[in-house]
Amino acid sequence: MFEKNFDEISVREICERAHVGRSTFYAHFQDREDVFIRHTVVFGRALGEQLAWDEAVGTYRFPVGRLFAHVRQMKPLFDSLARARKAEFIIKVWQNNVAEVFEQRVLSIRGAGSTALAVPATLVAQHLAGTLMTLMVWWMDHHFPLVEHEMERQFQKLIAGIER
């Protein structure tokens with residue numbers, strides 16, 4: 001699956017694997033980094049849509065177990081990005097896009113009943129996304145010390161008490 005490091009992949013190889021010509025590639029993307037960044041944006045936005053409010057418990061819920069399983073599977077890619085000095089940038093892009101969608105979800109969850117005393121939705125969203133990304137990076141840096149469902153449990157504990 002991960003035959004090469006990120007820096008070793010060429011546009012020609014991407015085109016061959018995708019069965020498209022170079023002109024088609026360049027009609028949609030500037031370079032190979034653009035492909036990856038756009039994928040990161042789309043993935044982050046789709047991820048953010050999963051934020052929900054659990055009325056029974058009175059807290060936000062975000063299913064991170066599958067995300068952490070995906071991250072474990074993609075660890076060689078993250079390592080490759082780190083060697084290419086792109087990991088921090090990609091994580092920041094991911095966090096910003098997750099937070100942007102989280103903000104929309106928080107506003108939707110709050111509805112018209114939001115009070116002036118509530119923490120602004122943008123701060124709640126940044127807090128949730130930042131907590132998620134910090135936990136994910138910690139988990140990778142420490143060689144996956146907890147299983148995915150335990151990471152989900154810990155994340156839910158970390159965000160418990162954040163008001164709607």
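In the block above lies the structure referred to throughout.
In what follows, the accompanying structure is described. No experiment lies behind these values; they were computed from the predicted model shown. (Residues numbered from 1 in each chain as written. Predicted model: local features only at pLDDT ≥ 70, side-chain atom pairs only at ≥ 80, totals over all residues. Heavy atoms only, no water.)

### Some words on the pattern of salt bridges
Opposite charge on two side chains allows them to pair when their charged atoms are near. The line we're drawing: Only one rule defines a salt bridge in this text: a Lys or Arg side-chain nitrogen within 4 Å of an Asp or Glu carboxyl oxygen. In this description a helix means any DSSP run of H or I spanning at least four residues, a strand means any run of E spanning at least two, and both kinds are numbered starting from the N terminus.
Summed over the entire model, instances satisfying the criterion amount to ten salt bridges. Arg-12 serves as the salt-bridge partner of Glu-16, at 2.9 Å between the closest nitrogen and oxygen. Of this pair, Glu-16 and Arg-12 both sit in helix H1 (residues 11-18), four residues apart, roughly one helical turn. Within this structure, Asp-7, Arg-32 and Glu-33 form a network of salt bridges that share partners.

### Details of the nonpolar core
Condition: Definition of nonpolar core: a set of buried residues of the types Ala, Val, Leu, Ile, Met, Phe, Trp, Tyr and Cys, connected through side-chain atoms within 4.5 Å. With a 1.4 Å probe rolled over the protein chains alone, any residue whose accessible area is under 20% of its type maximum counts as buried; one over 50% counts as exposed, and the rest are partly exposed. Contacts are assigned to residue pairs with any non-hydrogen atoms lying within 4.5 Å of each other.
In this structure, Tyr-60, Trp-94 and Leu-132 are the most contacted members of the largest nonpolar core, which totals 41 residues. For this core, the elements supplying multiple residues, two or more each, are helix H3 (32-48), helix H4 (65-73), helix H5 (75-83), helix H6 (87-110), helix H7 (121-141) and helix H8 (148-159). In terms of residues, this core owes the most to one element, H7, which gives eleven residues. Sequence-distant contacts of Leu-132, defined by excluding residues within four places in its chain, comprise Leu-47, Phe-62, Val-64, Leu-67, Phe-68 and Phe-155.

### Brief notes about the side chain of Asn-97
Test applied: Whenever a nitrogen or oxygen atom comes within 3.5 Å of another N or O atom, the pair is scored as a polar contact, on the condition that within protein one atom can donate a hydrogen and the other can accept it, and that pairs from neighbouring residues in sequence are kept only if both atoms are in side chains.
Tracing the backbone through its elements, the reader meets Asn-97 in helix H6. A distance of 2.8 Å separates a polar side-chain atom of Asn-97 from the backbone oxygen of Val-93. Excluding residues that lie within four positions of it along the chain, Asn-97 makes contacts with Val-41, Gly-44 and Arg-45.

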